[in-house]
Amino acid sequence: AYYINKFCIKDDKVKENVKVLIVTHGKVGIEMANVVNNLMGVECTIGLEIPLESSSSEGIEKCISQISSINAPNGLIILIDMGSLVIIGNEVEKRFKIKTKTISRVDTLLAMEIGKMAAIESKKFEDISDYCDKINKNPSDENKDQYIEKEEREKVVISLCLSGHGNAKNLKQLLDSSISTRGLDINVIPVGFLDEIGVENRLEEIEKTKKIVCIVGTIGINYKNIPYINYRKVLSGYGIEEVVNLCCQEDDDLKLSETSEGRLSDIILEEFIYENFEGISKEYVIDSMVARLQEKGYVDSRFILSVYKRESMGTLVFKSKVAIPHGLPENVKKPVISIAKLSKPIVWDNEFMVDCVALIAIKENNQAEMKKLFKILGDDDKIEQISKATSKKEIMDIFVD
């Protein structure tokens with residue numbers, strides 16, 4: 001059964017507050033909400049349980065059905081205990097048009113602080129969201145903003161739609177995932193055709209500090225002979241390679257060089273190859289493979305969250321058989337590729353029957369290795385060899401020969 005600790009609303013003012021939800025596998029979330037509410041003297045958090053025996057997709061669906069009964073017109077802050085739950089926020093926004101912020105941390109002090117800001121101080125959603133971003137920032141990334149700014153000055157891709165919010169942001173998510181998977185670090189900037197200062201003025205403003213590689217969008221535009229690619233071409237898959245090729249042009253630092261010394265044997269290690277993996281579900285496979293990498297110190301605790309965020313943007317599957325889940329380079333300590341040949345095919349996002357999973361955890365400078373990997377996965381003969389492999393050595397030989 002699914003249990004929910006109902007929010008006690010005492011007056012109209014409280015009804016308008018941002019709501020705080022704690023979602024965990026097991027009763028921890030409900031118990032934590034009770035503790036926080038008792039300590040704060042006001043029912044400022046909601047606890048929700050996903051039974052441990054439930055599959056991720058089933059748990060998320062029933063969780064969302066419970067959330068539908070919560071009155072949160074001014075936003076919902078969601079604290080979760082596992083990476084696979086990160087898509088709850090996206091689904092709530094999509095279905096109920098409620099602003100959400102999902103935090104992959106569950107502890108009493110954090111719940112108390114956010115609960116106080118929401119229920120007692122009546123802070124706005126944006127203020128609480130900014131606070132969550134600040135406390136979640138990795139201390140080791142103090143100079144990250146400066147680094148990103150430097151990279152943005154080199155090359156950017158523009159995603160364009162009427163408002164700059166809907167399709168433009170969806171395109172940004174898809175392109176961010178696809179471009180970085182190819183080993184490139186190109187920023188995608190959403191822009192609205194009906195921008196308040198005019199679309200051409202906005203693009204000129206961007207060009208003052210950045211180089212626009214191409215424009216991808218739902219509305220054709222002829223701007224300074226910069227290549228334009230229709231969004232339908234990108235959604236079909238063909239346009240993505242065109243974007244990647246444009247990103248690589250005229251920049252030796254970003255070209256995927258054939259002569260690079262990057263070797264797959266350096267990042268595909270036998271200890272992270274599974275020749276007969278019992279894959280119960282997509283979530284089970286991802287969680288198990290990431291847990292092993294984290295245990296061995298190859299990725300940090302936030303890597304799992306970035307993997308599920310990217311999966312929610314769009315699944316990457318080669319030849320409809322090999323799934324390529326991947327996370328952000330900033331959450332990778334040492335680059336590695338983990339490969340699992342499944343004992344039998346499993347359904348991947350209700351679209352593919354996948355029998356092999358290549359989990360990618362790479363840094364920004366692993367471009368050459370990525371080109372070699374995708375060349376192998378794009379070869380039908382190699383895919384057939386993987387499906388017939390019966391040992392770790394056979395799988396290794398396919399990738400590092």
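Below is a summary of the structure that appears in this document. Values in this document were obtained by computation on a predicted structure and should not be read as measured data. Numbering of residues begins from 1 in every chain and follows the order in which that chain's sequence is written. Totals for whole chains, interfaces and linings use every residue, but because this is a predicted model, local features are given only for residues with pLDDT of at least 70 and side-chain atom pairs only at 80 or more, for both listing and counting. Only heavy atoms go into the side-chain values, all of them from the structure, while hydrogens and water stay out.

The helix and strand tally for the protein chain stands at 16 helices and 13 strands. The classification of residues rests on relative accessible area computed with a 1.4 Å probe and restricted to protein chains. Under 20% of the type maximum is buried, over 50% is exposed, and intermediate values are partly exposed. Split into buried and exposed, the 401 residues of the protein chain put 50% on the buried side. The long-range share in the protein chain, meaning contacts at least 24 apart out of those at least 6 apart in sequence, stands at 69%. Residue burial considers only the protein chains on display, and all accessible areas are found by Shrake-Rupley using a 1.4 Å probe. Approximately 19,600 Å² of the protein chain is accessible, and the part contributed by carbon and sulfur atoms is 48%. Secondary structure counts use DSSP, requiring at least four H or I residues in a row for a helix and at least two E residues in a row for a strand, with both numbered from the N terminus. Should any heavy atoms of two residues lie within 4.5 Å, those residues are considered in contact.

Now for the sheet that holds strand E10 (residues 317-318). Strand pairing is defined by DSSP finding a minimum of two bridges between the two strands. Taken in spatial order, the five strands line up as E9-E12-E13-E11-E10 in an open sheet, and their pairing is mixed. Each edge of the open sheet carries a strand with a single partner, namely strand E9 (268-277) and E10. Summarising the sheet, strand E12 (residues 336-348) and strand E13 (residues 352-361) pair through nine bridges and their orientation is antiparallel. Note that in E13 the partner of alanine 340 across the bridge is valine 357. Across the face of the sheet, helix H16 (residues 392-400) comes into contact with E9 and E12 while running at roughly 125 degrees to E9. Note on definitions: angles span 0 to 180 degrees between N-to-C directions of axes, and those axes are lines fitted to C-alpha atoms, for helices only across the stretch in contact.

One non-glycine residue, lysine 97, adopts positive backbone phi at about 55 degrees. Looking at where lysine 97 falls in the secondary structure, it is placed in the loop between helix H4 (87-96) and strand E4 (100-103). The exposure class of lysine 97 is exposed, given its relative accessible area of 71%. In this model, lysine 319 sits at a positive phi of 55 degrees, which is unusual for a non-glycine residue. Relative accessible area serves as the criterion here: at 39%, lysine 319 is assigned to the partly exposed category.

Let's shift gears to a nonpolar patch on the surface. Each patch groups residues whose relative accessible area exceeds 30% and which form no salt bridge, using 9 Å between like charges and 5 Å between nonpolar side chains of Val, Leu, Ile, Met, Phe, Trp and Tyr. Salt bridges are defined by distance alone: a side-chain nitrogen of Lys or Arg within 4 Å of a carboxyl oxygen of Asp or Glu. Together, Leu162, Phe193 and Leu194 line one region of the surface with nonpolar side chains, adding up to about 290 Å² of accessible area. As for its placement among the helices and strands, phenylalanine 193 is situated in the loop between strand E6 (187-192) and helix H9 (199-207). Judged by relative accessible area, which is 30%, phenylalanine 193 ranks as partly exposed.

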